[in-house]
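Close look at the chain arrangement
Residue-level listing of the chains:
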Amino acid sequence: MHPEDAAFEERYAQDIIAGHNHLTIYGIDLTHSPDSWPLDPAFLPLEVEPSAAGSDDARRQPVLPAEQVLAVHEKVLLRGVAGSGKTTLVQWLAVSTARDALPARLETLRGRVPFVLPVRRFPEPGFPEPEDFLAAVRHPLAGEQPGGWARRVLSEGRGLMLVDGIDEAPEDRRERLRSELRKLADACPGNVWLVTSRPSVVPEDWLTPYGFAEFKLAPLNREGVAAFIQRWHAAACKNAPGNAQDLDRLPEYERTLLQAVRITRELGRLATNPLMCGLLCALHRDRRGYLPRGRRALYDAALSMLLERRDRERDMSLTDGIDLAQESKVQLLQKLAHWLLVNGRSEMERSTAVEVLARYLPSIPEALKQGAPEDIYRHLLNRTGLLREPTPGSVDFVHRTFQDYLGARAAVERHDFDFLIEQAHQDEWEEVIRMAVALARPDECAHLLQGLLAARPGTKPVHARHRKLLAAACLEHATELDPAVRERVQQYTKNIVRPTTDEGARALGWIGPIALELLPDPVGLPDREAHRLAITATSIDDDRAIDYLVRLRDRESWHIRSRLAGAWRRYDTDRYADEIIAHLDEHELDFPVSTLDELHALRRLGGRPSVQITGPFTPEQLVDGLVADRLRHLWMAYDLAHGAGTGTGTGTGTGGMEWLAAFPELHTLTVSRNIQPVTGVPEHVQVNTV
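Please read these numbers as outputs of a predicted model, since none were measured by experiment.

Thresholds applied
Residues numbered from 1 in each chain as written. Predicted model: local features only at pLDDT ≥ 70, side-chain atom pairs only at ≥ 80, totals over all residues. Heavy atoms only, no water. Helix = DSSP H or I, 4+ residues; strand = E, 2+ residues; numbered from the N terminus. Buried < 20%, exposed > 50% of the residue type's maximum accessible area, 1.4 Å probe, protein only. Contact = heavy atoms within 4.5 Å. Areas by Shrake-Rupley, 256 points an atom, 1.4 Å probe, with all protein chains shown as cover. pLDDT = per-residue confidence, 0-100. Pairing = 2+ DSSP bridges. Axes fitted to C-alpha atoms, helices over the stretch in contact; angles between N-to-C directions. Phe/Tyr/Trp six-rings, centres within 6.5 Å; stacked < 30°, edge-to-face > 60°. Lys NZ or Arg CZ within 6 Å of the ring centre and 35° of its normal. Parallel < 35°, antiparallel > 145°, perpendicular 65-115°, else oblique. Nonpolar A, V, L, I, M, F, W, Y, C, P; charged D, E, K, R; others polar. Right-handed = clockwise from strand over helix to strand, strands pointing away. Core = buried A, V, L, I, M, F, W, Y, C linked by side-chain atoms within 4.5 Å. Salt bridge = Lys/Arg side-chain N within 4 Å of Asp/Glu carboxyl O. Polar contact = N/O pair within 3.5 Å; in protein donor to acceptor, adjacent residues only side chain to side chain.

Regarding the overall build of the protein
Helices and strands together make up the secondary structure of the protein, namely 31 helices and 19 strands. Counting every position in the protein, which comprises 690 residues, the buried fraction comes to 57%. Partitioning the intrachain contacts of the protein with sequence separation of at least 6 by distance along the chain shows that 67% fall at a separation of at least 24. Carbon and sulfur atoms make up 49% of the accessible area of the protein, which amounts to about 28,000 Å² in all.

In structure tokens form, the structure reads like this:
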């Protein structure tokens, strides 16, 4: 190693830890507690789903821990919706690597140098050169690194490249970014790459030709939602001051919220990622157990909590001499969000933010008389909980979803509906347009939806189809709408609810439960078409999908049966077991189990000859839960957790398989290529790898 590198890397590691070892947990008492918390107790291990492209084996791969994927793949492109935890995972990897505190599963990352590279901060269209990594993201040690240090790290294959937010690069720059990323990865082999993006911004297989394995973050399942709620309340209890008025009520809040998201369909649909779960936890506590319903109500309540009620209800004195009403703060924040929206940005210079505020302050007299633009900016930054300065001289919203919501509010107030219609073919505008529909008045909503349906000269067919699907997805957000417009949207959607490709079938799924009402009856349809309908229905996380899937459960097609079996984790465990799993033909079908409840349900059904392990179980739990005289084929797709317990541990690898001797009829063990190697397999069991 170069003589100056070791000393600098030690300082750099400490700076990475200091800069990234915290998370914002929405809604904790900002008066008596910090607005960020240590990363480790708040971090929820995430799961990923393999890309749907490729062979049948690739499509059959179940959800996996993100750690497990990174342990076996040197280059990964990870997609995830806003709030799903992409940036949190990047932070956790950087901090854990910098302080040499990685779990045993990630031994291959030990000793590496993490480079956290948020794409939105890149000053140039392409990928920065190694010597410019730190300067490109405005790292405080950029000017102190030894000459050639970053390039030496990459040349030695010691880098952990964490490229966060490809989707935040302008569309016309992404191809250049991809080309330069590929060149650097090829020129410096041996480094580990994690690239993140929103799901539909870059096409499937975007980086696959360059050796990247592509995955997407899975929505939180019931167990993940429960774990998040429990961790959130544990953090609140641990960090709350002893005189907090509701400290003794936190266990009750936790219990009632867990029950609410389990039995209330609307809340269950909202609680699909860490951001939404955090908002629900914060609002539930803030409102003493009352929760808003629907996306618009959720964000309105969050704004009320963060902008007004927190300070007022805790008698917090003014810290900067500025006292603005909630609506004034909302209006000012909307101006910043609208600027970012129109300019296709997620971050702006601090000076630009001040200029935007200066332009609009005269129209908000309450704010104008209380301070100069710089003072108002500082107040919004320090007191709203919605803005942050990620680097000196720059500002963004704490989460892109808040930016989208406030930008949509601004667009609706400005009657920018034609502008929204013009952008509707772009994936990154989906959330903004959905929120605009929720915020618009009935006539405005009708204009927006009809604009999405209208034929536009020169529009590509794929964009026209996307716009119609978006119109259908918006229906659930429209509080009041002319029945004729609603019927027209549904009629247009009916013309495209018989998809001709698997990708089209998945695209239909994101319009939500309304798609279930529009899908054709699969009875009598050929298997290929019925399979695509199964893809759509199982992509909808709503138990009403079970009623549709019942009509597919008796098919002989392996593809349909496999699709239905693999969707178990999305729905109520016992109901799905009784209405779907119990009826599927067992022939050549692997039955996945991801939780103890599923394992017990499968045992209640008499077991199955071929079982796929898709969750963290201990050997003891599998020996007790699987039916020994029925099991012929076991597929290990998930690393085992070791030692007796509840099966919620992260595990350290699949390791010894001597316990398989408890299954005398077992003849084949299939091992996923995404888990650690196995040892100790009994002689009578053949091992395959997929």
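Comments concerning the confidence of the model for the protein
Overall, the predicted model of the protein reaches an average pLDDT of 85, with 89% of residues at or above 70. In the model, residues 53-59 has pLDDT below 50 throughout and makes 11 contacts with residues more than four positions away in sequence or in other chains. Note that residues 310-317 has pLDDT below 50 and, in this model, 17 contacts with residues that lie over four places away or in other chains.

Here we look at the environment of Arg173
Position of Arg173 among the secondary structure elements: in the loop between β7 (159-164) and α8 (174-187). Here the alpha-carbon distance between Arg173 and Gly126, two residues 47 residues apart in the chain, equals 6.8 Å. Residues contacting Arg173, with those up to four places away along its chain left out, are Glu124 and Pro125.

Focus on the sheet that holds strand β14 (residues 610-613)
With respect to topology, five strands assemble into an open sheet ordered β13-β14-β15-β17-β19, the strand pairing being parallel. Each edge of the open sheet carries a strand with a single partner, namely β13 (591-593) and β19 (686-689). Here the average twist between neighbouring strands, direction ignored, is 20°. Of the strand pairs in this sheet, β14 and strand β15 (residues 633-636) are connected by four bridges, and their pairing is parallel. Residue pairing for β15: Ile613 is matched across the bridge by Met636.

Digging into the packing of aromatic side chains
Using the criterion set out here, one finds 15 aromatic pairs in the structure. With a centroid separation of 5.6 Å and 85° between ring planes, the pair formed by Phe122 and Phe127 is classed as edge-to-face. Of the two residues examined, Phe122 and Phe127, each falls in the buried class. Taking the centre distance of 5.4 Å and the plane angle of 80° together, the rings of Phe419 and Trp429 count as edge-to-face. With a gap of 10 residues between them, Phe419 in helix α19 (residues 417-423) and Trp429 in the loop between α19 and α20 (430-439) connect regions that are remote in the sequence. Residue Phe419 is classed as partly exposed on the basis of its relative accessible area, which comes to 27%. Here the aromatic cluster, defined as three or more aromatic residues joined through ring pairs, consists of Phe8, Tyr12, Phe115, Phe122, Phe127, Phe133, Trp149, Trp193 and Phe212. A cation over an aromatic ring shows up here: Arg608 above the ring of Phe591, its NZ or CZ 5.2 Å from the ring centre.

Quick notes on the packing of helix α14 (residues 326-342) against helix α17 (residues 373-383)
Two elements in contact, α14 and α17, have axes whose closest approach is 11 Å; the angle formed by their N-to-C orientations is 100°. In terms of axis orientation, α14 runs roughly perpendicular to α17. Residues Lys329, Leu332 and Leu333 of α14 pack against Ile376, His379 and Leu380 of α17. Its residues placed into classes, the contact of α14 with α17 shows four nonpolar, one polar and one charged.

So, the pairing of β7
Here β7 lies mainly inside the structure; six of its six residues are buried. Burial along β7 is two-sided: the residues Gly159, Met161 and Val163 and Leu160, Leu162 and Asp164 are all buried. One ladder, built from four bridges, connects β7 with strand β8 (residues 192-197); its direction is parallel. If you follow Met161 over to β8, its bridge partner there is Trp193. In the classification by handedness, the crossover that spans β7, the intervening α8 and the parallel β8 is right-handed.

Points about the nonpolar core
Counting residues in hydrophobic clusters, the biggest one holds 151 residues, and the most contacted among them are Phe397, Leu449, Tyr576 and Leu634. Once you skip the residues sitting within four places of it in the chain, Leu634 turns out to touch Val611, Ile613, Leu626, Trp659, Leu660, Leu666, Thr668, Leu669 and Thr670.

As for the pattern of salt bridges
Using the criterion set out here, one finds 47 salt bridges in the structure. Between Arg575 and Glu579 there is a salt bridge; the shortest N-O distance is 3.0 Å. With Arg575 and Glu579 both in helix α29 (residues 573-579) and four residues apart, the pair spans about one turn of that helix. The class for Glu579 is partly exposed, based on a relative accessible area of 25%. Salt bridges sharing partners connect three or more residues here, namely Arg120, Arg121, Arg138, Glu347, Glu349, Arg388 and Asp396.

Examining the side chain of Gln621
Take Gln621: it is sitting in helix α31 (residues 619-625). At 3.0 Å, the side chain of Gln621 forms a polar contact with the backbone nitrogen of Thr618.

Thoughts on unusual backbone geometry
For Arg288, which is not glycine, the phi dihedral falls at a positive 55°. Inspection of the secondary structure puts Arg288 in the loop between α12 (274-286) and α13 (295-313). Of note in the backbone geometry, Glu588 takes a positive phi value of approximately 55° without being a glycine. As for its position among the elements, Glu588 is in the loop between α29 and β13.

What to know about the environment of Ala567
Inspection of the secondary structure assignment puts Ala567 in the loop between α28 (558-566) and α29. Assessed through its relative accessible area of 2%, Ala567 is described here as buried. Between the C-alpha atoms of Ala567 and Ser539, which are 28 residues apart in sequence, the distance is 8.3 Å. Every residue in contact with Ala567, bar those within four places of it in the chain, is listed here: Thr538 and Tyr576.

Re the environment of Ala150
With respect to the helices, strands and loops of the structure, Ala150 is situated in helix α7 (residues 149-155). C-alpha separation for the pair Ala150 and Val113, spaced 37 residues apart in sequence, amounts to 9.2 Å. Contact partners of Ala150, with chain neighbours within four places excluded, come to Phe115, Pro130, Glu131, Phe133 and Gln145.

So, the sheet that holds strand β9 (residues 213-217)
Strand order in the open sheet made by the seven strands is β4-β3-β9-β5-β8-β7-β6, with mixed pairing throughout. The open sheet has two edge strands, β4 (64-65) and β6 (113-118), and neither has a second partner. As paired elements, strand β5 (residues 75-79) and β8 share five bridges and run parallel to each other. Across the sheet, the residue bridging to Leu78 is Thr196, located in β8.

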